[in-house]
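Listed below, chain by chain, are the residues.
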Amino acid sequence: MTPRLLDDRSEHLLRELAPQVLGAVVRRFRDFSAAEDAVQEALVGAAIQWPRDGLPENPRGWLIQVASRRMADHLRSEMARRRRETGAAMQPDHLAPAAGVENETDQDDTLILLFMCCHEALTVSSAIALTLRAVGGLTTAEIARAFLVPEATMAQRISRAKHSIKASGVPFRLPSSQEWAQRLRAVLHVLYLIFNEGYTASVGPQLQRPELSGEAIRLTRSVHDLLPDDGEVAGLLALMLLTDARRAARTSPDGELIPLTQQDRALWDRKEISEGIALLTAALPKGPVGAYQLQAAIAAVHDEAARAEDTDWPQILALYDLLKRMSDNPMVTLNHAIAAAMVHGPPAGLELLNALDADGRLAGHHRLDAVRAHLLELAGDRQAAIAHYRTAAGRTTSLPERNYLITQAARLRESTSDPASGDSTC
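The structure presented is a predicted model; accordingly, all values stated were derived computationally and were not measured.

*Asks:* Explain the overall build of the protein chain here, please?
*Replies:* Scanning the protein chain from N- to C-terminus turns up 19 helices and 2 strands. Within the protein chain, the proportion of its 426 residues that are buried is 52%. For the protein chain, the proportion of contacts with a sequence separation of at least 24, taken over those separated by at least 6, is 66%. Total accessible area on the protein chain is roughly 19900 Å²; 52% of this is exposed by carbon and sulfur atoms.

*Asks:* Would you take a moment to explain the pattern of salt bridges for this structure?
*Replies:* When the charged atoms of two side chains with opposite charge come close together, those side chains can pair. By the definition in use, this model includes 18 salt bridges. Measuring nitrogen to oxygen at the nearest pair gives 3.1 Å for the salt bridge that ties Arg70 to Glu41. Note that Arg70 is positioned in helix H3 (residues 59-81) and Glu41 in helix H2 (residues 32-53), a separation of 29 residues in sequence. For Arg70, a relative accessible area of 32% gives the class partly exposed. Residue Glu41 is classed as partly exposed on the basis of its relative accessible area of 42%. In this structure, Glu211 engages Arg209 in a salt bridge whose closest nitrogen and oxygen atoms are separated by 3.6 Å. For Arg209, a relative accessible area of 16% corresponds to the buried category. Because the salt bridges share partners, they merge into one network encompassing Glu142, Glu197, Arg209 and Glu211.

*Asks:* Whenever I open this one, the packing of aromatic side chains confuses me. Can you help?
*Replies:* Each aromatic ring pair is characterised by the separation of its centres together with the angle its planes make. Following the criterion strictly, the structure yields 3 aromatic pairs and no others. Judged by centre distance (5.5 Å) and plane angle (55°), the ring pair of Tyr192 and Tyr292 falls under tilted. Of this pair, Tyr192 sits in helix H9 (residues 177-199) while Tyr292 sits in helix H13 (residues 291-304), and the two are 100 residues apart along the sequence. Its relative accessible area of 18% is what places Tyr192 among the buried residues. By relative accessible area, Tyr292 is classed as buried at 12%. Ring plane angle 10° and centroid distance 5.8 Å describe the contact between Phe195 and Tyr199, whose orientation is recorded as stacked. Here the residue Phe195 and the residue Tyr199 both occupy positions in helix H9, the gap between them amounting to 4 residues, near one helical turn.

*Asks:* Which parts of the structure should I look at to understand the confidence of the model for the protein chain?
*Replies:* Regions with low pLDDT carry predicted coordinates that are not meant to be interpreted in detail. Looking at the protein chain as a whole, its pLDDT mean stands at 83, while 85% of the residues score no less than 70. The secondary structure element of the protein chain with the lowest average pLDDT is helix H4 (residues 83-86), at 45, and the one with the highest is helix H11 (residues 231-244), at 97. Note on residues 419-425: pLDDT under 50 across the span, and 23 contacts to partners over four residues away in sequence or across chains.

*Asks:* Honestly, the nonpolar core in this entry has me stumped. Any pointers?
*Replies:* Generally speaking, soluble globular proteins have nonpolar side chains that are buried together. Counting 121 residues, the largest nonpolar core has Phe32, Leu63, Leu132 and Leu353 as the members making the most contacts within it. With 12 residues, the single largest contributor to this core is H9. Apart from the residues within four sequence positions on either side, Leu63 is in contact with Leu14, Leu17, Val21, Ala42, Leu43, Ala46 and Trp50.

*Asks:* What's the story with a nonpolar patch on the surface in this structure? I'm lost.
*Replies:* Together, Leu284, Val289 and Met326 make up an exposed nonpolar region whose accessible area comes to about 230 Å². Along the chain, Val289 falls in the loop between helix H12 (270-283) and H13.

*Asks:* Would you take a moment to explain the packing of H9 against H11 for this structure?
*Replies:* Each pair of packed helices can be summarised by the angle the axes make with each other and by the distance between the axes. Between H9 and H11, the shortest axis-to-axis distance is 11 Å and the interhelical angle comes to 0°. The pairing of H9 with H11 is recorded here as roughly parallel in orientation. For the pair H9 and H11, contact is made by Leu184, Leu188, Leu191, Tyr192, Phe195 and Tyr199 and by Glu232, Val233, Leu236, Leu239, Met240, Thr243 and Asp244, respectively.

*Asks:* What is the right way to look at the environment of Trp268 in this model?
*Replies:* When you line up the elements, Trp268 lands in the loop between H11 and H12. For Trp268, a relative accessible area of 2% translates into the label buried. Once the C-alpha coordinates of Trp268 and Arg247 are considered, the two residues, 21 residues apart in sequence, prove to be 7.3 Å apart. Not counting chain neighbours up to four residues away, the residues in contact with Trp268 comprise Ala245, Arg246, Ala249, Leu260, Gln263, Ile273, His302 and Asp303. A distance of 3.1 Å separates polar atoms of two side chains, one belonging to Trp268 and the other to Gln263.

Rules and cut-offs
- Residues numbered from 1 in each chain as written.
- Predicted model: local features only at pLDDT ≥ 70, side-chain atom pairs only at ≥ 80, totals over all residues.
- Heavy atoms only, no water.
- Helix = DSSP H or I, 4+ residues; strand = E, 2+ residues; numbered from the N terminus.
- Buried < 20%, exposed > 50% of the residue type's maximum accessible area, 1.4 Å probe, protein only.
- Contact = heavy atoms within 4.5 Å.
- Areas by Shrake-Rupley, 256 points an atom, 1.4 Å probe, with all protein chains shown as cover.
- Salt bridge = Lys/Arg side-chain N within 4 Å of Asp/Glu carboxyl O.
- Phe/Tyr/Trp six-rings, centres within 6.5 Å; stacked < 30°, edge-to-face > 60°.
- pLDDT = per-residue confidence, 0-100.
- Core = buried A, V, L, I, M, F, W, Y, C linked by side-chain atoms within 4.5 Å.
- Patch = residues over 30% accessible without salt bridge, like charges linked within 9 Å, V, L, I, M, F, W, Y side chains within 5 Å.
- Axes fitted to C-alpha atoms, helices over the stretch in contact; angles between N-to-C directions.
- Parallel < 35°, antiparallel > 145°, perpendicular 65-115°, else oblique.
- Polar contact = N/O pair within 3.5 Å; in protein donor to acceptor, adjacent residues only side chain to side chain.

Here it is in structure tokens:
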């Protein structure tokens, strides 16, 4: 008999619970790498048992119980294999598979896990990669694409980070006030990347992964509650809300990508927009303006335009000018080129794109070809635009993006009228 599969609700629940369960098991057993394996086994067990027996009354508690038993088995096996080396170090309470777990299932350890992964024992890049894996639930391939590095390189980085965490003996707790400052930059970057992967999935048949973007917003709210006066924390939360507000309008009922200029703005979430603008307005006067606040300000300008043609592109260009001085991120340069084209004309944007051709971080990245195709179309060079739309379509691993880019190329090829005005921003 073929086993029944998880329904969408249970599958989303497992994704949501995975980092919370990992946090609880790491807190109890203090072995990150082994705990991650145990949680994965528990998730597999749930995928098999829940369709057969039904969803348990306390799914999080069920997963913690099963993972804890796996950890207890693992530790007993390790003790038997290396009794002389590890016997003295093992504490009896580590071996209790379920004692006290019932009292722990209401505690959400995800934020503690987030800061633990961003420990100063790790480099910033390793900390971010490990946290995206443990807290964000991203695959190694997805993380590699976010960092613009080969998958094998990222796999080694994550593996080294796990070993460093284990060797450092990091206590599982929220950091002290001194440790906050040391880890906060990496924590915010992780949350930013988790949100981005949820807002525009780098691979697969769906454009968006709302469970990821929603978890990033939830965790950023938690950090903001702990640090209400930090302007960049508020800026990041504002950026997420102002961006997530457009989610319902970004895809058609059949999942096709809808670019920003063609979205039904009545579908935008005005509550999220109002909250984001309020956060940003309160944060800006408090101190130096950071990169997340600038990005939030750009998102606010887009969200405040009643129609696409009402967008204040000169203001957006000025904000990107400031952002470029703070950041060496090639994606910032890419978006700056779009803004320059909207203000000064397509040739100005295309000229700025030329500087990115020699940037190895964007070599072969579909977004560079997609933006160049869009600007070439605006400049009236239809054949070159078609070629770059096709190249971009061949390079993206997102099915909705691929379909959109192929459609753009087909539209230009078949059209006999003047090139239509499009927008690669979504």
